[in-house]
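# An overview of the molecular structure
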Amino acid sequence: MFVDLVKIKVKAGNGGDGAVAFHREKYVAAGGPDGGDGGKGGDVIFVVDDNLSTLVDFRYKHKYVAPCGENGRGNNCFGKKGDDLIIKVPRGTIIKDAATGAIMADISTDKPVLIAKGGRGGWGNSRFATSTRQIPRFAKPGFSGEEFDLVLELKLLADVGLVGFPNVGKSTLISVISSAKPKIANYHFTTLVPVLGVVKVEDYKSFVVADIPGLIEGANKGVGLGHAFLRHVERCRLIVHIVDVSGSEGRDPKEDFDLINKELKNFNEELGNRKQIVVANKCDIATREQIDSFRSFVKDKGLELYEISAATTQGTEKLVKVIAKTLNDLPPIVKYTPNYLPPLVDDYKKFDIEVKDGVYFVDAPWLDQILCRINMDDYESLQYLQRVLRDVGIIENLENMGINEGDTVNLQGFEFDFVY
């Protein structure tokens, strides 16, 4: 099954919590705080695997979560870092943010790409010891790892894209000039998936050709199979446009030529201006008048026509040399530049305050991790919580809303009387 577009969810590991611990040792009366920091959560990293040619594996698994960091322990033992989650994809996979459609990465090289960062580990209570605060009974929780809804889109990496109406001989040509073995039959849509073939020109020189199936009128709007595969033409450095110059199926090659170019341009304006070589196939069954008429038509468009018969290999060797020479003067395969920008809103500081029956309800889900580590019976621990509330602006907002001393505040289910 050829799958080239999927949606998945990835989440990096959360950082481990810092520990609240105190040194205990024989003959040591007051060892002091020795809670270690939590470990960092694992990252989510994408890498190329050239043994993969489709995204089919992602059809059956949609959520990928990296391991969390371990919690800190006493005796200043730091938690172990969570292992990174390595996700393998075919070369040429584009990673997009599902919410915005922005490109996060183009997985086209062997360099691993970090997509979601693991959360930092929380500080243990030994970090909070000072000359005035010698027995801190609180620690920081680990930070959450990044998570994203992603769209993975495979755009094949090929130097040359073969385009043309069904049954014009694209599959036959790629089977002749490369070692690719596509299914070949005398009916439309024989080829249901893009086929890649490596064409050797010299001992140490070659280029990659992609047979792009299913292009017909209306392909850019989803007609036929073309809409599903037009994306694979986008990276090609050179378009080889094949027509059945003999009109063996009762079609007009001139009409077909204009229609395919219109579909390419409507799908992507840049594709309409991509360097193109025009190939007249089935010349062995075409008349000289048909070939000359089409040559004149192509010449008027500023293009040169190459005559071949893929079935008999007539003219194919010359065509390969022309393609190789043309590629020498063209820029490399298109690479997509990431344009994703993280949201401006910092969820760590996001909160809402609502007053009901004289109670100030503070909705700040991120505070749950902090509240679970606070010792409500410890003065210094409560001071730390108060400092967090002031730093993120919650106390300032309560004051601006007219809160008075003694009013009740509900903080994620924990209620207390407000004091200045």
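Everything below is about the structure shown above.
Starting from 1, residues in each chain are numbered consecutively following that chain's sequence as written. In keeping with the model being predicted, local features are shown solely for residues with a pLDDT of at least 70 and side-chain atom pairs are shown and tallied solely at 80 or more, while totals for entire chains, interfaces and linings include all residues. In computing side-chain values, all of the structure's heavy atoms are included and hydrogens and water are not.

Moving on to the overall build of the protein. Per the convention used, a helix needs a DSSP run of H or I reaching at least four residues, while a strand needs a run of E reaching at least two, with both numbered from the N terminus. What the protein contains, in helices and strands, is eight helices and 18 strands. Classification of residues uses two cut-offs on accessible area relative to the type maximum, computed with a 1.4 Å probe and protein chains only: under 20% is buried, over 50% is exposed, and between them is partly exposed. Taken over 420 residues, the protein has a buried fraction of 49%. Here, residues are in contact when the closest pair of their heavy atoms is within 4.5 Å. Sequence-distant contacts in the protein: of pairs separated by 6 or more residues, those separated by 24 or more amount to 71%.

The next thing to look at is the packing of aromatic side chains. Any two of the Phe, Tyr and Trp rings considered here, Trp counted by its six-membered ring, make a pair once their centres fall within 6.5 Å; the pair's planes then place it as stacked at under 30 degrees, edge-to-face at over 60, or tilted in between. Inspection of every chain in the model, using the stated rule, returns seven aromatic pairs. Through a chain of ring-to-ring contacts, three or more aromatic side chains come together here, namely Trp123, Phe128 and Phe138. A ring has a charge above it when a Lys NZ or an Arg CZ is no more than 6 Å from the ring centre and no more than 35 degrees off the ring normal. Over the face of the ring belonging to Phe143 we find Arg120, whose NZ or CZ atom lies 4.4 Å from the ring centre. In this structure, Lys140 is placed above the aromatic ring of Trp123, and the distance from its NZ or CZ to the ring centre is 5.5 Å.

As a further point, take the sheet that holds strand β18 (residues 414-417). Two strands are counted as paired when DSSP detects at least two bridges linking them. Strand order in the open sheet formed by four strands is β15-β16-β17-β18, with mixed pairing between adjacent strands. Whereas interior strands pair on both sides, the edge strands pair on one side only; in this sheet they are β15 (352-356) and β18. Here the average twist between neighbouring strands, direction ignored, is 25°. Note: β15 against strand β16 (residues 359-363), five bridges, orientation antiparallel. Counterpart to Lys356 in the pairing with β16 is Val359. Angles shown run from 0 to 180 degrees and are taken between the N-to-C directions of axes, each axis being a line fitted to C-alpha atoms and, for helices, limited to the stretch in contact.

Mapped onto the elements, Ala12 comes out in the loop between β1 (5-11) and β2 (44-48). Residue class for Ala12 comes out buried when judged on its relative accessible area of 1%.

Once that is clear, we can look at the pairing of β18. Side-chain positions along a regular strand alternate between the two faces of the sheet. Where strand β17 (residues 408-411) lies against β18, four bridges are found, and the strand directions are antiparallel. Within β18, the position partnered with Asn410 by the bridge is Glu415.

Nonpolar cores were defined as sets of buried Ala, Val, Leu, Ile, Met, Phe, Trp, Tyr and Cys residues, with membership established by side-chain atoms within 4.5 Å. Of all hydrophobic cores here, the largest spans 38 residues; its most connected members are Val160, Phe207, Val240, Ile277 and Ile323. Those elements that place two or more of their residues in this core are β9 (160-163), α1 (170-177), β10 (195-202), β11 (205-211), β12 (238-244), α3 (253-267), β13 (276-281) and α5 (316-328). Looking at which element gives the most residues to this core, the answer is α5, with six residues. If we skip the residues at most four places from it in the chain, Val160 touches Phe207, Val208, Val209, Ala210, Cys236, Leu238, Val240, Ile323 and Leu327.

These figures come from the coordinates and say nothing about function on their own.
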